[in-house]
Every structure is written in structure tokens, then in C-alpha cells.
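Report on the structure
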Amino acid sequence: MDTSVAARSGWDDFRRAFLSNRLAVIGAVVMSLFILMAIFAPVLAPYDPINDQDLTSNFAGPSAQHWLGQDELGRDILSRIMYGARVSLTAGLAAVAFATTFGTLVGVTAGYAGRWIDAILMRLMDMLLAFPSILLAIVVVTILGQGLTNAMLAVGIVLLPQIARVVRSAVISVRERDYVEAERALGASHTRIVTSAILPNSLAPLIVQSTLALATAILDIAALSFLGLGAQAPTPEWGAMLTDAFRSGFGVFIEGQHAILFPGIAIALCVLSVNFIGDGLRDALDPRRK
Amino acid sequence: MQNFRGEREKGASVLAQARGIRGLSRRDFLKLGGTGIAGAAMLGVAGCGGGDTIGGQGGGEGGESIFTWGRGADTVGLDPINVTDGESLIVTRQIFDGLLDFEPGTTDVVAALATAVPEPEEDGLVYTFELREGVTFHDGEPFNAEAVVFNFDRWREEDNEFHVGGGSQTSSFSYYTSQFGGFDDESIIESVEAVDELTVRFNLTSPLGPFLRNIAMSPFGIASPAALEEDAEGFWQNPVGTGPFQFDSWDRGNEVRVTAYEDWWGTDLGEGEGGAGPFVDRIVFRSIPDNAARVAALAGGQLTAADGLTPDDVPTIEEDEALQVITRPPLNIGYLAFNTEKEPFDQLEVRQAITRAINMERIVESFFGDTAEVASNAMPPTVPFFREETEPYPYDPDEARSLLEEAGLGDGFSAQLWYMPIPRPYMPNARGVAQAMQNDLEEVGINVELVTREWGTYLDETGRGEHDMCILGWTGDNGDPDNFLNVLLSSRGATETDAQNVAYYQNPELDEILDNAAETIDEDERRELYAEAQQIIYEDAPWAPIEYAEPPLGFQANVSGYEPSPTGGEGFNSVQLDQEGA
Amino acid sequence: MQIIPVLLGVSLIVFVMVRSIPGDPAQILLGQQATEEQVAALREQLGLNQPLFTQYFLFLRDALTGDLGSSIVTGRPVTTELLDRLPATLELTLAALLFAVAVGVPVGVIAAVKQYSWVDKVTSVIALTGVSMPIFWLALILVVIFTVNLNWLPFPGRLSNGIAIVSITGMVVPDSILTLNFVGLWDGIKHLILPAVALGTIPMAVVTRMTRSSMLEVMGEDYIRTAHAKGVVPWRVVFKHALRNAMLPTVTVIGLQFGLLIGGAVITETIFGWGGIGQIALESINRRDYAMIQGVVLYGAFFFVMINLFVDVLYAVLDPRVRY
């Protein structure tokens, strides 16, 4: 089989399908903007996100100097959101990377090995899925101790079973295919079969699931930070920005409305674009469309 | 839990300071909710048939006046000697009376169940209390000398059959040990005897400067012996005292209710002596953990009063005609402690440099507004023997840099600064203050990493010296200097675990002065000794003192007669509600 | 039946997790003044000295009889605590679900019927926005808009001061109706709206999407086309035939959302001071009230598993093709 041609045409199909989905394209553009903002935060941000405090103008509304206003310590909210993109995106990606790595490991093992290994691993995943996810994340962070790294880990653990399930069913669906049988007949090792035949052909659902997991990860990490279990002051994480403003007192409801509004919009916009991309990917990679 | 001692009241978080109003006015907001809800409240409850109710903090018979007190946390227990937290003691204060009390609004000692404040006899080794006549406990049992002896014996004797109780979270009589030296042979109170029906004599092993102030503290409320004999283990959830209010019900995690005790002995006494009332029929202590939500509940008319306001809420509430703010006289201090056992904080120059590098005046102004004063000494000016000559450390970054130079740290250094995760009355927004300090210290080349922990863990770990610098504070129990300086800065407090002296500051000279001052009852001698102690502390700079705060409380405008106590344990007997304002 | 091993495993995970939380329960129960001997004695009494294996079986045995120990904070049995708070959470969750279904199903149907129209597109975007919003942020924004800026709805809590309702079920709305307490009913409903919307938005978005896609699928099937060809009015087709069949996947999704609602309730209840299980969950964790944490997590998981089972059964009942 001529893989390069197959891959090329697959890629073209995919690209055409993805680009024809207007929302997915918008999502990709917005996401790129967020990524650029995160990378170039030191260049773009008009102020230092931590040290440019101005206690005399806390919760000052949007102005020519501070487009999105100032927070409870008089820091520039725009600059904090820009730097916050670094923190929130990295944290979300790290959690998903963790979930994807270990989820794939579990999923492939279960799907490929089958029998009792499959049964045990999948029951274990069912058990993790039996917990309301944010509650599980909270308990895990409590065990590990509060902080951004542990919050990422907790969210990673919570996301793991879904990835494992998706990978497992993909693996099962390709396990009995001809090319796998062929490799097996040729006496290839298990590792080789998995890496060369099974994984590449299970990639599509994994990519879709991981993208959608990224949306959940960003939301859940922000939620943990909001509950005081994730990022800690003065880190400009979006969820932590919200909680810092909210916990600073009642005045936030009167004068600090912008300090609640903008970090939340950043989270929602970011997650929304990830969801658009995820939807686009799913449609583009959906075998039924071909 | 020793660590929680003096950590009174759930505090508030802060918005920095008074500012102009933007957009919607504070007033508009405060009007909201109020109207519709107050209207509904007048209609009251339909068919309240004695069964359980939902909500219902105002639900009662027509015309009943109810004082609903909103606070940050629920009570832990109602046996006053077996709790240490402010949210328990504020309730037991209403149910129990002590022999002595603090004059409303001050830390001066006045008579309560005793008829007068006794004079020390035999150089402070003996005190004799004459008791009030005709006082009865809520269960109808008479109050007399035997009852006093019963209580003190229960507290002091570890093998006493009633030396139990407090429930699962009991503090195990810790206030007795902390104020009177220990149980049994270690107790400074050697014995308490009933001389006659209405006279009790206390025999001490050595003179104790703060003795009378200690007796006036809320944990030493006198409980009904009959109730204790019946069920000492369960007393913490079914308390019986002689106070102006008697226990009604406790919906755990939510609210405690007490009702007026008609036969209270203090009804005819003057308000200035802690008497009068009780005027309201019922008090509901309702916990709303979130600060902003609690203030919203006050503004919406769901609470008669709210504890733990943020300094920033003050102008908001003052602007509203339907509400008022009363500030609690300061009996607290917030401070930044340096761990003097760790490098480089073992060097005096480094500690001094930090005290000069932080613009404390700006921080206090920003985070406390008018509700605090920049601190100079390690105890607030409301405490007797406060040294007036001490000035707050000057803000001088240049001097800070040269001090660091002297210490060989001209290039700066890195250190951790710990701040508590929750608002305290002496520190409503530690997170904000810590970030402002970080900013100031950066200026002189000190690279600060901010660290926080869950509150219990925070106390635990700072109590083991894991920090470089930490923000902490203290609310006094009895208004005595010993309760600040000895607790917070003597070697005795610098224990390996659960340290109260989180600076780990150990100075034998200071220890001796403090010991001498505690063991004398001569006022002039105490003044001199404490002045010297404060001078030494100022020079050694184990702390950068931050501020003395006046925690603000919010009320509906129709509340009168509320006199906050510096100790945080005021009686609600004198509180009145104007009927019109409902 | 796979739920029994799952529940056993869940109980094991909960057991292990709670024991991994740093801190010694005996030390915490007694406070920091306790002597070493006292702590040792209590450890003995609590069975903390026994092998973990034995402890787990004792825990399991007690849990099966509904005994999850007592809260360190209140001293009352965990089961009592949870049952006391269950009605508040149930009422909020049901209201959120009601909101999700009442909005999600019709909007999903309309979007499907008018596929590719602007209505459909707007619906898709709104539905995706719904699942992209941080629930805590939405809650705060709702308070800012409807309480602070417009002064239409109260915040926080379940009832205003001065309003009391005789407790029958423990839920404000049914109880106020049963006792004909209309002041209480109106007040309770006003308090319920914001948290229910905050909590219900994500499920609403999910239900909308699910209803739309399953409607599209069903409407593409032969019998609908036949009905259409026979000249039946389209809207009748939609409701009588398509919707009924399209409800199957939607029901499944609603069931799954119920589990997510339990999690979402933690945040919503905390912000709105709701006093339900979600709020106590977070408070217990903050106070290290181990027995309560154990109880909340275990019951949460149990509830979740049971709902899924219930959904399976309901699926069987609704689907004419599945007959037992």
C-alpha cells in the first residue's frame, strides 16, 4: 500500500472538510491569537502583570491607559489576561498531555491485550468516571496539596478515563483489520504492531477527544483556581484573577464589575474556540463523512 | 487548639480604600433587595405549626423581635471552657455570666455575678468575691458559692468526674491552662472555697498580674452544676448558664438560636455596668461564610447585623440610610514576623532593612482605610502600659539598601513570604497586603516568593517554623500586655511545634522582664517593665508590625445599644430594635 | 450487572483517597493540646491501628448499613448531615434540569426542523458557548446583572429573612405549595432562578445539541418521510413521531448531565450560599472533616451510578424496540 499517497489525500480531505467549517476556522483563528498573545505577552502587555501595582486606583474602570480597567490592586487587567493566557493555556495543555499519554497507554493496553487486562483496566476507568469530575479533582488536589501543578495533575487524572475509553474502542476496531493481521503474521513484536499499525490508525478519535478534553481542562483548572486550590496569588491565572477580585470584598460587585467580566470572557472565548476546533476536527475526521 | 486562641471572629476581605463611585451608586445597590424582601417579611409566616421550618430565621410569633447576627462560621461548641474560637464564645457569652466582666466597650474589669471587683489580699495571693443574691440558672437552680467552687474544681482537677465534655472538637479546658498555668499542682489557683452561701475565696500559689482580667474572660462563665451533673458530656450542645439569653436550638453549620431569659439578674443594672435588657426576644447567630454574600444579605435586609465587614464596605454601608457601621475598639495587631532562626533573618540588619523597605503607611491606608492605625509596638494602644514614645519604623528604601549592604547582601536575596488564605479581623486581605509588600521589597532587591496554605495547615506549618517571613496577627483575650508580649514574643512561645512566637525570637533578657511583670501586681512596676520590654522588641525588630485594626460591623439603622467589646465578646442584652425600621 | 464491582471499587478508591489526605484524624479530633497517650488511645478506639485491609472491610460493612461515621465538626452522623442537606441540593438540581430541558428540547427541535437556517446556526453557536462558560463566572455575572444592576432577583440564600416555610419535603417550592404559603413560594422561586440558570446552562446546551442531532437522525428515517408523504402536517409529525423517538438519546444525555450537575452544585452552592450537599462538600474538605468528605464523595458516586442505571432502565421503557 502506498502510504504517502493515502496520507496526502487523507490530509487534503481533512483540510478541505475542516476549512469548509466556518466555526472551526474562526476557532482556529481565535486560538492562534491567544497563543500569539501568550508567546508575546512580554512584548504586547503594556504593564507588568504582577509588579505594576497602583493601590490608589484599584478597580478603576477601563480607560485610555488601562483598556480593560484595573484590578483590586490597581494592576492592569489587560496585561494580566495576556500573561494569564500563558498560564492557563500551558496548564490546560499540560493536563491534557498527561491525560493523553496515560490514557493512551491504558487504552492501548486494554484494547490490544483484551481479556482480563481489558476488563480490569476498564472497570477501573468506570470507577473513576463514577465520580462527579470536579469533586474528584477537588479531592485529588486536597491530597496532593493546593497549587497550579497539582491542579493540573488532578484535572489530568479526571480526564484520563475518557481518553482511555476512546483509544480502547479505536484500538479494538482496528485490531482485527487485515494490515494488523498481516503484521502479526509476519511475526512483528507487540510494540511494533502497536506503534506502527494500531496507533496511527486510532489517531483520529484521539485527536478529537484530546481537543475536547483541552476545553474541559481549561475550565476545570480555572474552577480549581477559583476555589483557591489552583494557581495562587500573584500568578495571573484567569480563574485566580476572578477569585482574587471576588474575594477582595463586596465592592467588586459595585466598582469592580469589569474585574469579574474580562477574565471570564477570556476563559469563555478560549474554551469556545477550542470547542469550535474540536467540533470541526470531529466532523472532518469522521469516517462516515468520507 | 492553642493556635486559635485569640484568633477571634471571622474577618473580612478588603477592597482597598474609599474611592469615588463609578457607574451604579452603592446606595442604589443597597436599596435593592431590601424593599421587596422587607415587604415580604412584614407578611411573616403563614401557618407556622411548630414543625421544622426552612429558612425561618425571622419566623416567629407576631411582634417578636429578632436580632439576626450574620457571621463567617458556625459555633464549634457551647461549653465555654471547652472552646477557643470566637464564634463559639460570642454565643456562650450570651448564655453565661462570669464573676467579673469587661465594661462595655473597654477592657476595664467590672463586677458581674460578683457584687464588686475584689481587691487583692496578702500581696495578691488571695481574692474574695461577694456574690449577687437571688440569681438563678436557666434551669431554675440557684447560683451560689457552691456553684462557683463546682465550676473551678471541674476546670482545675484533671481527675474530677466532670472534667470532661466539649464534644469531638473540645479544646480540653485549654483556656484554663493558658490563663492559670495548668491543672492540679500546676494551677496558679490553688483552691477555691465557699466561705458562706454568697462568698468565695480564691487562694493563689503566686501573685498573678492579669488575675482579675482572666476571671472576666468569657471562657470562665459559670455553668449550672445541676445540668453538668446530669450530662457533662452533652453539655456542649445543651448549655445552661445564668446569662441574659437561654439556649434554644442549634442547627449545626447554619445557625444557633437563643431566647431572652426573663429572670436575668442584670435587667435593672445600668448599661455602663453591662446590665439592662435583654430587649430583643430572640437572637439568631447565622453563619454565611462568604464575605460578599454576607454583606449582600445585610443590605438585602436578611440580617440585622453582619460581622466581618471589609474596610471597603464601610463607605458603602455608611451611605445607606437604612444601615449603619459600628467599629470594634482595636485589641489586635497584624504583623509580618521574621523567622529569626533562619538565614539571613538572624541578622538584625536584614530585619531592620525590611522594616524600612515596606511602606507600611501606604499599605495600611490602602487596605484598611480609616479602620486601622499603623502599628508601632507589639501590642495595641488600648492595652495598658502601651509605650507611647515608640514610632512606627520609618519608610526609607535607601536606608534599607545600605542596611542590606552592611549585612553583606547588597545584591539582594530571595525569600518566602507567607500569607494566610482567609480574612482575619486583624488582616482582612492578607493576599493583597502580601502582594504590596512583595512589590516594595522588590524595590530594594529582595526577591519575594508568596506562599499560602489552607488555614489549618498555615497555622501548623508556621508554628513549626517552615516560613522565612509570615503575616499573622493576634486578637487579645483580656486586654493585658502579658497576653500579647508573653504569648507572641517570649522564648516560651518559640516551641518546636504549634509555636505562637512565629518569629522564634528568643531573648533571655526580655523573658525575665516579662516574667517579672506578670508576677507583680504593682501597677507602676509593671508599667516600667513593659515599657522596657517594648523598647527591646522595637530595637531587635523580630517583626515588622503592620497595624492595629478596628474591625467594622454593619447594622440595620434601627439597631441601638450595641456596644462592641475590644475582646470580641460583647453581651447582646443591651441591643434594641426600633419597631418602625423593621 | 456491572455496577456492583464498580461501586465496590468506588468505595475502595474513596477509602484510599481519604486516608491519603495528609493529617491524623485522631490528632485532629483531639486538637493540638492532646497528649501522645490520648492520641494513641483514640487511634485504638477508632480502629486506626488495625491493618488497612481490616479497616476497609469494617468501613464497607458500616457503609452498607448506611453508617458512614460521624462528622468531626458537628458530631452528628454523616448520613443525617447529608440527608438534612439533600433536599436543598435536590431542589436546585431539579430546577436546573427543568431549565435545561424546558429550553434545550424546544430549541433543539426548532433547530433541527429548520436545519441550515439562521436559527439553526445561532442555536449551534449559543449551545457551544453554553458549554464553554465557566460556571462560577456565569454565576457571578448573573448576580451582577440581575441583583446588582437590575435589582430583580435576590442573592444569596434560599429564602429571605422573615420567610419561613413548614418543612415537609425540605424543598421550598413543593412545601410552600403544600402549605399554601404563596409569599414563601414567590420568594423561594425568586431565589431559585439565578442558581438554577447558572447550574443549568451547560446541561441546557448539551440537551439542545443532542435533541437537534437526534431529531435530524430520526427525521431522516423512512417512517417520517412516509408520514410526510401521506400529507400529515409537518409539526404534527415532529411532535407525534419524531420527537418521541428522538427523546431516547436525549434522555440518556439528561441522565449523564445529572451527574455533572452534582459536581457543578459544589461551585454554584458555594457562591449562592445554598447550604446543600455541594456547599458542605467544599466546607468539609476545607475543614478536613474526613468522615464527611468520605460520605459526600461516596454518596455522590453512588448517586451517579444509580442515575446511570435508572437511565438504562428508562431507555428500555421508552424504546419500543427494547423489550424484556
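Residues numbered from 1 in each chain as written. Chains lettered and ligands numbered in written order. Predicted model: local features only at pLDDT ≥ 70, side-chain atom pairs only at ≥ 80, totals over all residues. Heavy atoms only, no water.

Considering the side chain of Asn181(C)
You can see Asn181(C) is positioned in the loop between helix 8 (172-178) and helix 9 (182-219). There is a polar contact of 2.9 Å between the side chain of Asn181(C) and the backbone nitrogen of Gly184(C). (Helix = DSSP H or I, 4+ residues; strand = E, 2+ residues; numbered from the N terminus. Polar contact = N/O pair within 3.5 Å; in protein donor to acceptor, adjacent residues only side chain to side chain.)

Here we look at the nonpolar core
Residues Phe253(A) and Phe136(C) are the most contacted members of the largest nonpolar core, which totals 190 residues. Top contributing element to this core by residue count: helix 9 (residues 190-226) of chain A, with 18 residues. Built from parts of two domains, this core gets at least three residues from each of domain 1 (3-63) and domain 2 (78-308) of chain C. Once residues lying within four places of it in the same chain are set aside, the contact partners of Phe253(A) are Phe246(A), Ile260(A), Ala292(B), Leu140(C), Val143(C), Val144(C), Val148(C) and Phe155(C). (Core = buried A, V, L, I, M, F, W, Y, C linked by side-chain atoms within 4.5 Å. Buried < 20%, exposed > 50% of the residue type's maximum accessible area, 1.4 Å probe, protein only. Domains from an automatic or database assignment. Contact = heavy atoms within 4.5 Å.)

A closer look at the interface of chain A and chain C
The partner chain C presents 46 residues to the 38 residues of chain A that form the contact. Regarding the contact of chain A and chain C, the summed buried area is about 3,700 Å², with carbon and sulfur atoms giving 83% of it. Contact with chain C buries area across many residues of chain A, yet Phe131(A), Leu135(A) and Ile143(A) alone supply 16% of it, more than any other trio. For the interface between chain A and chain C, the tally reads one salt bridge. Here Arg209(C) ties to Asp279(A) by a salt bridge, and the two come within 3.2 Å at their closest N and O atoms. Run the count over chain A and chain C and you get five residue pairs in polar contact (both at pLDDT 80 or more). Listed by contribution, the elements that provide at least two residues to the side of chain A that touches chain C are helix 5 (115-129), helix 6 (133-144), helix 9, helix 10 (238-247), helix 11 (251-254) and helix 12 (257-285) of chain A. The leading source of residues in the side of chain A that touches chain C is helix 12 of chain A, at 13 residues. In terms of residue class, the side of chain A that touches chain C is built from 30 nonpolar, four polar and four charged. (Buried area = accessible area lost by both parts, 1.4 Å probe. Salt bridge = Lys/Arg side-chain N within 4 Å of Asp/Glu carboxyl O. Nonpolar A, V, L, I, M, F, W, Y, C, P; charged D, E, K, R; others polar.)

Brief notes about a negative patch on the surface
Residue and element names in this part refer to chain B. Judged by side-chain charge, Glu509, Glu512, Asp522, Glu523, Asp524, Glu525, Glu528 and Glu532 come together as a negatively charged surface patch. Breaking the negative patch down by element, the ones donating at least two residues are helix 16 (508-518) and helix 17 (523-540). The dominant element in the negative patch, judged by the number of residues it contributes, is helix 17, at five residues. Of the residues examined, Glu512 reaches a relative accessible area of 52% and is grouped as exposed. (Patch = residues over 30% accessible without salt bridge, like charges linked within 9 Å, V, L, I, M, F, W, Y side chains within 5 Å. Areas by Shrake-Rupley, 256 points an atom, 1.4 Å probe, with all protein chains shown as cover. Lys, Arg positive; Asp, Glu negative; His and termini not counted. Charge placed at Lys NZ, Arg CZ, Asp CG, Glu CD.)

Examining helix 4 (residues 77-113) of chain A
All names here are of chain A. Look at helix 4: 52 Å from first C-alpha to last across 37 residues, which is about the 54 Å you get at 1.5 Å a residue. Where helix 4 bends most, at Gly84, the angle is about 30°. Trailing helix 4 by a residue or two, Gly114 shows a phi angle of about 65°, which is positive. (Expected span 1.5 Å × (residues − 1). Bend = angle between axes of the 7 residues up to and from the residue.)

A few points about the environment of Ile193(A)
Residue and element names in this part refer to chain A. Looking at the element boundaries, Ile193 is found in helix 9. Taking the C-alpha atoms as reference, Ile193 lies 9.3 Å from Glu181; in sequence the two are twelve residues apart. Those residues in contact with Ile193 that sit more than four places away from it in its chain are Tyr112, Val180, Glu183, Arg184, Ala188 and Ile198.

Here's the deal with a nonpolar patch on the surface
Residues and elements named next belong to chain A. A contiguous nonpolar surface patch, about 750 Å² in accessible area, is contributed by Val29, Leu33, Ile35, Leu36, Ile39, Phe40, Val43 and Leu44. Those elements giving two or more residues to the nonpolar patch turn out to be helix 2 (22-39) and helix 3 (41-44). Note on placement: Val43 falls in helix 3. The exposure class assigned to Val43 is exposed, which follows from its relative accessible area of 66%.

Points about the domain arrangement of chain C
Residues and elements named next belong to chain C. Assigned domains within chain C: domain 1 (3-63) and domain 2 (78-308). Each of domain 1 and domain 2 has a C-alpha centre, and the two are 36 Å apart. In this complex, domain 1 contributes 16 residues to the contact, which on the side of domain 2 involves ten residues. Summed over both sides, the interface of domain 1 with domain 2 buries roughly 1,100 Å², with 83% coming from carbon and sulfur. For the pair domain 1 and domain 2, the interface holds zero salt bridges. Counting every contact that joins domain 1 to domain 2 gives zero residue pairs in polar contact (both at pLDDT 80 or more). Listing elements by their share of the side of domain 1 that touches domain 2, those giving two or more residues are helix 1 (3-20), helix 2 (25-30) and helix 4 (52-64). For the side of domain 1 that touches domain 2, the element with the highest residue contribution is helix 1, accounting for nine residues.

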